[in-house]
Amino acid sequence: MEILGYVAALLIGLSLGLIGGGGSILTVPVLVYLIGLSPVISTAYSLFIVGLTSLVGSYKFYKKGLVSLKTAVAFGIPSIVAVYLTRRYIVPAIPHNIFAVGDLMVTKDLLLMLLFAGLMVFASISMIRKKKSPEAPVDENIDTAPEVARPNGFHPEPRFNYTGILAEGLVVGTLTGLVGAGGGFLIIPALVLFSKLDMKMAVGTSLLIIAAKSLLGFVGDIFNYQIDWLFLGIFSLISIAGIFVGSFVAEKIHAEKLKTAFGWFVLIMGLYIIGKELLF
């Protein structure tokens, strides 16, 4: 099972390289069911793994001019604060036994796994749906010539809805702190709607935000748990290797079909976790 866990680490990075996201949603289940770690420590390790792999992915986008640093700061600050406070204070404060429903005792581990499974189901639906992601409105004053004709990969400057960005940043940061997932499927639509970024720029900027809030959120766990740095380093390096493999393969395979197939896989996994935690 542990060997399968390391193979899954490669698949997590492969997913990030192929479709620009989604892989992080599998990190906690892999750590819990294949590696055998507790849900609480798995969410902590997931923050580091997701943060490091996203940092590498964001650098690849940054070299192409597809990262808006201004947007990353505006969205990232509330998100980083929320994830750090959640990991540092809220998660440790949750009691081991929370409440009972008949014969079922809802424990801290059970609550985190059910919350994570619910997030997986929600994420899978956004991947499976054929509806196109909302594009930023086109400004008539901006040159609409093809991107190849624009100097230095020109992209319009972001225009902020600060209230929306603040609220979304706090919500995504809190969810990230609780379940250890990057939340790119929530961040990307927010950047398109509230910052008016185009999709490519939103994906690159999202990866940078995920990297910053995940890694800084993980700092809150260093004070609360004993960290196995050797395991964490090996698992993360395998995931990073998967990003480069995925980026290479992505040039030869239609990414939208992969995203849909991966969405169905995530949906099945989410429903399996709910059934396993409640029935077995």
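Given the structure is predicted, the values throughout are model-derived calculations rather than measurements. (Residues numbered from 1 in each chain as written. Predicted model: local features only at pLDDT ≥ 70, side-chain atom pairs only at ≥ 80, totals over all residues. Heavy atoms only, no water.)

Trainee: I'd love a proper account of the overall build of the protein, names of residues and values included.
Mentor: When its secondary structure is counted, the protein shows ten helices and two strands. Counting over 280 residues, the protein shows a buried share of 48%. Sequence separation of 24 or more characterises 79% of the internal contacts of the protein that already satisfy a separation of 6 or more. When the accessible area of the protein is evaluated, it comes to approximately 13,900 Å², of which 69% is carbon and sulfur surface. (Helix = DSSP H or I, 4+ residues; strand = E, 2+ residues; numbered from the N terminus. Buried < 20%, exposed > 50% of the residue type's maximum accessible area, 1.4 Å probe, protein only. Contact = heavy atoms within 4.5 Å. Areas by Shrake-Rupley, 256 points an atom, 1.4 Å probe, with all protein chains shown as cover.)

Trainee: Give me the pairing of strand 1 (residues 97-101): which residues, what numbers.
Mentor: As judged from the four bridges shared by strand 1 and strand 2 (residues 104-107), these two strands associate in the antiparallel manner. Bridged to Phe99 within strand 2 is Val106. If you look at the hairpin formed by strand 1 and strand 2, you'll find two residues sitting between the two strands, and Gly102 has a positive phi there, around 65°. (Pairing = 2+ DSSP bridges.)

Trainee: Account for the packing of helix 2 (residues 27-35) against helix 3 (residues 39-63), with residues named and values stated.
Mentor: Closest axis-to-axis distance for the helix 2/helix 3 pair is 9 Å, and the angle between their directions is 135°. One way to sum up the angle between helix 2 and helix 3 is to call them oblique. The handedness of the crossing between helix 2 and helix 3 is right-handed. Contacts from Thr27, Val28, Leu31 and Val32 in helix 2 reach Pro39, Ser42, Thr43, Tyr45, Ser46, Ile49 and Val50 in helix 3. A class-by-class count of the residues in the contact of helix 2 with helix 3 yields seven nonpolar, four polar and no charged. (Axes fitted to C-alpha atoms, helices over the stretch in contact; angles between N-to-C directions. Parallel < 35°, antiparallel > 145°, perpendicular 65-115°, else oblique. Left-handed = near helix turned anticlockwise from the far one by under 90°. Nonpolar A, V, L, I, M, F, W, Y, C, P; charged D, E, K, R; others polar.)

Trainee: Kindly report on the packing of aromatic side chains, identifying the contributing residues and their values.
Mentor: In the structure shown here, the tally under the stated rule is eight aromatic pairs. Arranged with centres 6.0 Å apart and planes meeting at 35°, the rings of Tyr45 and Phe231 form a pair that is tilted. Taken together, the residues span a long stretch of sequence, with Tyr45 in helix 3 and Phe231 in helix 9 (residues 229-250) at a distance of 186 residues. Assessed through its relative accessible area of 9%, Phe231 is described here as buried. Among the aromatic residues, ring-to-ring pairing joins Tyr6, Tyr45, Phe231 and Phe235 into one connected group. (Phe/Tyr/Trp six-rings, centres within 6.5 Å; stacked < 30°, edge-to-face > 60°.)

Trainee: Give a description of the confidence of the model for the protein that names residues and reports values.
Mentor: Summary statistics for the protein give a mean pLDDT of 79 and a share of 82% for residues scoring 70 or more. Here helix 7 (residues 184-195) is the element of the protein with the lowest mean pLDDT, 74, and helix 2 is the one with the highest, 88. Note that residues 133-152 has pLDDT below 50 and, in this model, 19 contacts with residues that lie over four places away or in other chains. (pLDDT = per-residue confidence, 0-100.)

Trainee: Please provide a residue-by-residue account of a nonpolar patch on the surface, values included.
Mentor: A cluster of nonpolar side chains, Val73, Ile77, Val81, Leu85, Tyr89 and Ile90, forms an exposed patch at the surface whose accessible area comes to about 560 Å². Looking at where Val73 falls in the secondary structure, it is placed in helix 4 (residues 69-93). (Patch = residues over 30% accessible without salt bridge, like charges linked within 9 Å, V, L, I, M, F, W, Y side chains within 5 Å. Salt bridge = Lys/Arg side-chain N within 4 Å of Asp/Glu carboxyl O.)

Trainee: Could you give an account of the side chain of Thr107, with specific residues and numbers?
Mentor: Checked against the element boundaries, Thr107 lands in strand 2. Residue Thr107 is classed as buried on the basis of its relative accessible area, which comes to 18%. At 3.2 Å, the side chain of Thr107 and the backbone nitrogen of Leu110 are in polar contact. (Polar contact = N/O pair within 3.5 Å; in protein donor to acceptor, adjacent residues only side chain to side chain.)

Trainee: I'd love a proper account of the environment of Ala241, names of residues and values included.
Mentor: Positionally, Ala241 belongs in helix 9. It is 9.1 Å that separates the C-alpha atoms of Ala241 and Thr53, two residues lying 188 residues apart in sequence.

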